Amino acid sequence: MNVPDDLRAAVGAHDLYHPSHTADPYPFYAEARRGAPVFFNASANSWFVTRPEDVLTALRDTERFSSEHVMKPRTPLAPEVVALLGDPNARLPTMLTTDPPDHTRLRALVSKGFTPQRVAAMEPQLRAIADELIGGFAAEGRADLIQRFAFPFTAFVIGDMLAMPRADIARLKRWSDDWIRLVWNAEPLERMVEAAKGLLAFQRYFAEVIAERRRSLGDDLLSAVIRAQLDDGAQLSEEELIALPMQLIMAGHETTLHLIGNALVLLLERPAHLAAVREDPARIGDVIEETLRLDGPLLWIGRHTTVEVELGGVKLPAGAIVQLAVCSANHDEGLFSGPTAFNPCRANADRHFSFGRGAHFCLGAPLARLEGRVALEQLLARLPNLRLDPDQPPVRAAAIGFRGFDHLAARWDATPGESRFPSRRR
């Protein structure tokens, strides 16, 4: 494909970590889709794929586009960090970092804890968690809904699934963030050394938890996976068991937290859509789906080429780090009419790429959708006239590769009683 030199240079030199990109990345990807749909970017040391047909090709081709190195540092780690972690190419064997047949075996075991019946049965528990959190601040009439609700809600959901003490959730999240920091390796040396120590502490914590859980199995997800057997009797290895809860906290919490924050902002900034949802709360599921498409929590899905491969008219070398820009594919004009508009009535919103496709389609997608729906239902039910705080604009998170908010100040009418529709318990 013939790409103008000036455009190739522009997309290649664009700083994907700059606050302006964090604030609104979509114009950049729209320009790339039109003229340089596959390009190399120096700041991320990665090739980026922006069109839906090319993203889909890579997601479905696990032989040429491998997940094995998806958590490998994007640039070489400093010697001080390597001294702590050991082999910088070593990887934790998770569903994120394996290809078939290992991925198939892991997914078959872990999926036993994410059956439709198990997820559906969690709804009353999710509503109870949401109500408990909202009850802690409803009388105040104002709160940061990320810090007071979305963060603890999503953390408690995954923590309760794993039967983790709630007092440990904050440090587990810090260690999870450290793991992501090591992947992007874009911060000062002192911070990267601390991140390495955090990752090691993360691993030690769950090694101890698993040893204890084996002595006293419960009804939690981790116990269910320990018990789980494939037809041939193969069980998870010790490394795989340790990596499983680490992955669930890292991938499951961050993305759902940002999904809820993004959905709230999209809805609260649009009075007509908010009124429609208050009139018919059954539309909240559509709001969640359109949020996943329009402003999803994940910008990119990482892959690694195993051979030289041509994609979108561009040759990618073997061993290339590839970022599949699902945020761009979700805005493609050929796939979605008026792609930059928020339209919860969009008939094909569920064709988005935010949960991936193919063998690595997100195992936790039904749970994420349920968490998002329950969160919005309970907030709108319990906080009358919920609205953004005009004095404190939402603050975007600076997390690399994710899109969400760190702070979301809101107000409501703190008066007795419920809002227009009651809390929907089942």
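Residues numbered from 1 in each chain as written. Predicted model: local features only at pLDDT ≥ 70, side-chain atom pairs only at ≥ 80, totals over all residues. Heavy atoms only, no water.

## Details of the sheet that holds strand 4 (residues 142-144)
Turning to step 1, where the next piece is worked out: Strand order across the open sheet formed by three strands is 4-12-9, with antiparallel pairing between neighbours. Each edge of the open sheet carries a strand with a single partner, namely strand 4 and strand 9 (387-388).
Turning to step 2, where the next piece is worked out: Sheet topology note: the strand 4/strand 12 (residues 409-411) ladder contains three bridges and is antiparallel. For Ala143, the partnering residue across the bridge sits in strand 12 and is Ala410. (Pairing = 2+ DSSP bridges. Helix = DSSP H or I, 4+ residues; strand = E, 2+ residues; numbered from the N terminus.)

## Topic: the pairing of strand 5 (residues 301-305)
Turning to step 1, where the next piece is worked out: With five of its five residues buried, strand 5 lies for the most part within the structure.
Turning to step 2, where the next piece is worked out: Burial of strand 5 is two-sided: the residues Ile301, Arg303 and Thr305 facing one way and the residues Gly302 and His304 facing the other way are all buried.
Turning to step 3, where the next piece is worked out: In terms of strand pairing, strand 3 (residues 65-66) meets strand 5 through two bridges, oriented antiparallel. Within the sheet, the bridge partner assigned to Phe65 lies in strand 5 and is Thr305.
Turning to step 4, where the next piece is worked out: Across four bridges, the pairing between strand 5 and strand 8 (residues 321-324) is antiparallel. By the bridge assignment, Arg303 is partnered in strand 8 with Val322. (Buried < 20%, exposed > 50% of the residue type's maximum accessible area, 1.4 Å probe, protein only.)

## Digging into the confidence of the model for the chain
Turning to step 1, where the next piece is worked out: The predicted model of the chain averages 90 in pLDDT, with 95% of residues at 70 or higher.
Turning to step 2, where the next piece is worked out: Across residues 418-426 the pLDDT falls below 50, and counting only partners more than four positions away or on other chains, this stretch makes 32 contacts in the model. (pLDDT = per-residue confidence, 0-100. Contact = heavy atoms within 4.5 Å.)

## Focus: the side chain of Arg293
Turning to step 1, where the next piece is worked out: Relative to the helices and strands, Arg293 is located in helix 15 (residues 284-294).
Turning to step 2, where the next piece is worked out: Taking the relative accessible area as the measure of exposure, Arg293 reaches 1% and is therefore buried.
Turning to step 3, where the next piece is worked out: Looking at Arg293, its side chain comes within polar contact range of the main-chain oxygen of Ala341, at 3.1 Å.
Turning to step 4, where the next piece is worked out: Those residues within four positions of Arg293 in sequence are excluded, and the remaining contacts are Asn330, His331, Phe336, Pro339, Ala341, Arg346, Ala349 and His352. (Polar contact = N/O pair within 3.5 Å; in protein donor to acceptor, adjacent residues only side chain to side chain.)

## So, the packing of helix 8 (residues 123-135) against helix 9 (residues 146-161)
The relative placement of two packed helices is expressed as an angle between their axes plus a distance between the axes.
Turning to step 1, where the next piece is worked out: It is at 10 Å that the axes of helix 8 and helix 9 come closest, and there the two elements cross at 145°. In this structure, helix 8 crosses over helix 9, and the sense of that crossing is right-handed. Two secondary-structure elements touch here, helix 8 through Gln125, Leu126, Ile129, Ala130, Leu133 and Ile134 and helix 9 through Arg148, Phe149, Pro152, Phe153, Phe156, Val157 and Asp160.
Turning to step 2, where the next piece is worked out: When its residues are assigned to classes, the contact of helix 8 with helix 9 shows 10 nonpolar, one polar and two charged. (Axes fitted to C-alpha atoms, helices over the stretch in contact; angles between N-to-C directions. Left-handed = near helix turned anticlockwise from the far one by under 90°. Nonpolar A, V, L, I, M, F, W, Y, C, P; charged D, E, K, R; others polar.)

## Some remarks on unusual backbone geometry
Turning to step 1, where the next piece is worked out: Cis geometry marks the peptide bond from Pro100 to Pro101, where omega comes out at 10°.
Turning to step 2, where the next piece is worked out: Inspection of the secondary structure assignment puts Pro101 in the loop between helix 5 (79-85) and helix 6 (102-110).
Turning to step 3, where the next piece is worked out: For Ala163, which is not glycine, the phi dihedral falls at a positive 60°.
Turning to step 4, where the next piece is worked out: Tracing the backbone through its elements, the reader meets Ala163 in the loop between helix 9 and helix 10 (169-184).
Turning to step 5, where the next piece is worked out: Here Ala163 falls in the partly exposed class, since its relative accessible area comes to 39%.

## Looking at the sheet that holds strand 2 (residues 46-49)
Turning to step 1, where the next piece is worked out: The five strands lie next to each other as 1-2-8-5-3, forming an open sheet whose pairing is mixed. Each having just a single partner strand, strand 1 (38-41) and strand 3 make up the two edges of the open sheet.

## Description of the nonpolar core
Turning to step 1, where the next piece is worked out: Counting 138 residues, the largest nonpolar core has Phe149, Phe153, Phe206 and Leu386 as its most contacted members.
Turning to step 2, where the next piece is worked out: For this core, the element with the highest residue contribution is helix 13 (residues 238-268), accounting for 17 residues. (Core = buried A, V, L, I, M, F, W, Y, C linked by side-chain atoms within 4.5 Å.)

## Examining the pattern of salt bridges
Turning to step 1, where the next piece is worked out: Within this structure, the stated rule accounts for 34 salt bridges.
Turning to step 2, where the next piece is worked out: Among the ionic pairs, Glu269 bridges to Arg270, the shortest N-O distance being 3.6 Å.
Turning to step 3, where the next piece is worked out: For Glu269, a relative accessible area of 46% puts it in the partly exposed group.
Turning to step 4, where the next piece is worked out: Put simply, Arg403 and Asp295 hold a salt bridge, and the shortest N to O gap is 2.5 Å. With Arg403 in the loop between strand 10 (395-396) and strand 11 (405-407) and Asp295 in the loop between helix 15 and strand 5, this pair connects stretches of sequence that are 108 residues apart. When sorted by exposure, Arg403 lands in the same class as Asp295, which is buried.
Turning to step 5, where the next piece is worked out: Taken together, the salt bridges that share partners define one network made up of Glu123, Arg127, Arg373 and Glu377. (Salt bridge = Lys/Arg side-chain N within 4 Å of Asp/Glu carboxyl O.)

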